[in-house]
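Structural overview for review
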Amino acid sequence: QVHLVESGGGLVQPGGSLRLSCAASGSIFSIYAMGWYRQAPGKQRELVAAIAKDGSTSYVPSVKGRFTVSRDNAKRTVYLQMNSLKPEDTAVYYCNKAPSLPHDYWGQGTQVTVSS
């Protein structure tokens, strides 16, 4: 059974940094590429960063060069280092397999607010 727990969000000023963590249980971590998603108020959830089992990564253009995704297979944990944060990065951040499917289980997410 899949269980995902995101943490590390908070309130940060523009230009600041945060590091998100996602602990995954079940087989999801060992089978799939993992991704970080975000959902801003009034918008659809979007995949912003993904990391394959071999460590290869991909990013959407809006976060490339500012965000870094990594994974610790032994700890079944995926991380998102976010630097140079902007107000438009404000959202609830989730992790899940990448790509996700419509009926996938989602954790509670972690709120990131970028504001002065």
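What this report covers is the structure whose coordinates are included nearby. (Residues numbered from 1 in each chain as written. Predicted model: local features only at pLDDT ≥ 70, side-chain atom pairs only at ≥ 80, totals over all residues. Heavy atoms only, no water.)

Below, the discussion takes up the sheet that holds strand E8 (residues 77-82). Sheet architecture is open: 4 strands sit in the order E1-E3-E8-E7, paired in antiparallel fashion. Looking at the sheet topology across the chains shown, the edges are occupied by strand E1 (3-7) and strand E7 (67-72). On average, adjacent strands in this sheet sit at an angle of 15° to one another, irrespective of strand direction. Inspection of the sheet shows strand E3 (residues 18-25) paired to E8 by 6 bridges, in the antiparallel sense. Following the sheet pairing, Leu 20 is matched in E8 by Leu 80. (Pairing = 2+ DSSP bridges. Helix = DSSP H or I, 4+ residues; strand = E, 2+ residues; numbered from the N terminus. Axes fitted to C-alpha atoms, helices over the stretch in contact; angles between N-to-C directions.)

A separate point is the state of the cysteines. Covalently bonding the sulfur atom of one cysteine to the sulfur atom of another cysteine gives a disulfide. Tallying each qualifying case throughout the model produces 1 disulfide. The disulfide partner of Cys 22 is Cys 95, and the S-S distance across this bridge is 1.6 Å. On the criterion of sequence distance, the pair formed by Cys 22 in strand E3 and Cys 95 in strand E9 (residues 91-97) is long-range, its members being 73 residues apart. Cys 95 shares its class with Cys 22; the two are buried. (Disulfide = S-S within 2.5 Å. Buried < 20%, exposed > 50% of the residue type's maximum accessible area, 1.4 Å probe, protein only.)

Looking now at the sheet that holds strand E6 (residues 57-59). The 6 strands are arranged E2-E10-E9-E4-E5-E6 in an open sheet whose pairing can be described as mixed. Looking at which strands have only one partner, the edges of the open sheet turn out to be strand E2 (10-12) and E6. Direction aside, the axes of adjacent strands within the sheet are offset by 25° on average. Bridge analysis of strand E4 (residues 34-39) against E9 gives 6 bridges, and the strand direction is antiparallel. Considered in E9, the bridge of Trp 36 is made with Cys 95.

Scanning the model with the defined rule gives 2 aromatic pairs in all. Aromatic side chains Tyr 37 and Trp 106 sit 5.0 Å apart centroid to centroid with 85° between the ring planes, which places their arrangement in the edge-to-face category. With Tyr 37 in strand E4 and Trp 106 in the loop between E9 and strand E10 (110-114), this pair connects stretches of sequence that are 69 residues apart. Ring geometry for Tyr 94 and Trp 106: centres 5.9 Å apart, planes at 85°, overall edge-to-face. Linking Tyr 94 in strand E9 with Trp 106 in the loop between E9 and E10, this pair joins segments that are 12 residues apart in sequence. With relative accessibility at 12%, the residue Tyr 94 sits in the buried group. Each residue in the set Tyr 37, Tyr 94 and Trp 106 is aromatic and connected to the rest through ring pairs, giving one cluster. (Phe/Tyr/Trp six-rings, centres within 6.5 Å; stacked < 30°, edge-to-face > 60°.)

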